[in-house]
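# Per-entry structural report
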Amino acid sequence: MARRPVVPEFAGGSMISRRSFLFASLAVVATPSLASSQGGKAFVIPPEFQPRQVDNPGHAAGTLVVDTGNRQLVLVETQRFAIRYPIAVGRAGLAFKGAATVDRKAKWPRWRPTQNMIRRNPKRYARYANGVAGGRSNPLGARALYLYRDGRDTMYRIHGTNEPSSIGRAVSNGCIRMFNEHVEDLYERVPLGTKVFVL
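Read on for a plain summary of the structure.

Of the regular secondary structure elements, the protein chain holds 4 helices and 15 strands. Counting the 199 residues in the protein chain, one finds 46% classified as buried. Sequence-distant contacts, at least 24 apart, represent 64% of the contacts inside the protein chain between residues at least 6 apart. When the accessible surface of the protein chain is totalled, it reaches about 10,300 Å², and 51% of it is carbon and sulfur.

Pasting the structure below:
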């Protein structure tokens with residue numbers, strides 16, 4: 001995945017519009033992709049699930065806004081524009097809500113189910129109690145952004161997935177899932193300390 005391009009301020013003496021630049025930078029991730037896989041099979045991201053440029057929903061630039069009702073995550077880029085990504089969210093009663101910050105980031109992160117997950121569904125999760133190494137079969141996918149509140153790990157993440165067909169649904173144990181290609185792009189755009197609001 002290409003890194004986020006640096007914004008060129010001038011070209012031939014004239015300012016490049018921020019809107020034009022955002023459209024160009026979105027082209028990196030808004031192309032049909034076969035890189036996602038589920039069960040060893042290629043998964044093509046549907047056109048309607050590609051990132052879109054949208055108006056700023058009313059938050060400061062650099063903020064992440066997670067709209068669980070509409071299954072979308074918005075990265076506010078400027079006072080006017082934002083990038084919208086599709087997501088999967090937690091099942092009823094399991095979703096995180098409120099404010100947090102991104103205090104840790106990881107590539108191909110290791111995963112371990114929480115004690116609550118093991119208690120709720122020991123048949124499914126107890127065998128993973130010692131954790132799973134990062135990789136394509138790992139439930140956290142290619143990248144993870146760890147959400148903290150008041151300096152403490154909330155145990156909730158914004159992360160990739162090895163189940164791309166779950167995007168757009170309320171199926172997770174509370175975390176916010178993204179297509180691997182999209183979370184790789186977001187990972188490069190979001191620094192540590194970024195504020196996150198989950199609605």
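Take the nonpolar core next. Residues Leu 64, Leu 73, Ile 158 and Leu 186 are the most contacted members of the largest nonpolar core, which totals 22 residues. Listing elements by their share of this core, those giving two or more residues are β6 (64–67), β7 (72–76), β8 (81–86), β10 (98–107), β11 (143–149), α4 (180–189) and β15 (195–198). The element that contributes the greatest number of residues to this core is α4, accounting for 3 residues. In this view, Leu 64 contacts Leu 73, Val 74, Leu 75, Val 102, Leu 145, Ile 158, Leu 186, Val 190, Thr 194, Lys 195, Val 196 and Phe 197; residues no more than four positions away in its chain are not counted. Core analysis: the second largest hydrophobic core is formed by 10 residues, Ala 106, Met 117, Tyr 125 and Val 132 among them.

For the rest of this paragraph, the subject is the sheet that holds β7. Each strand in a sheet pairs with its neighbour through backbone hydrogen bonds, running either in the same direction (parallel) or in the opposite one (antiparallel). Within the open sheet, the 9 strands sit side by side as β5-β8-β7-β6-β15-β10-β11-β12-β14. Their pairing is mixed. The sheet terminates laterally at β5 (52–55) and β14 (176–177), the two strands that pair on one side only. Bridge analysis of β10 against β15 gives 4 bridges, and the strand direction is antiparallel. Looking at β15, one finds that Ala 99 is bridged to Phe 197.

To continue, consider the environment of Ile 45. For Ile 45, the location among the structural elements is in the loop between β4 (41–43) and β5. Residues Ile 45 and Phe 179 lie 134 residues apart in sequence; the distance between their C-alpha atoms is 8.2 Å.

The rules behind each value
Residues numbered from 1 in each chain as written. Predicted model: local features only at pLDDT ≥ 70, side-chain atom pairs only at ≥ 80, totals over all residues. Heavy atoms only, no water. Helix = DSSP H or I, 4+ residues; strand = E, 2+ residues; numbered from the N terminus. Buried < 20%, exposed > 50% of the residue type's maximum accessible area, 1.4 Å probe, protein only. Contact = heavy atoms within 4.5 Å. Areas by Shrake-Rupley, 256 points an atom, 1.4 Å probe, with all protein chains shown as cover. Core = buried A, V, L, I, M, F, W, Y, C linked by side-chain atoms within 4.5 Å. Pairing = 2+ DSSP bridges.

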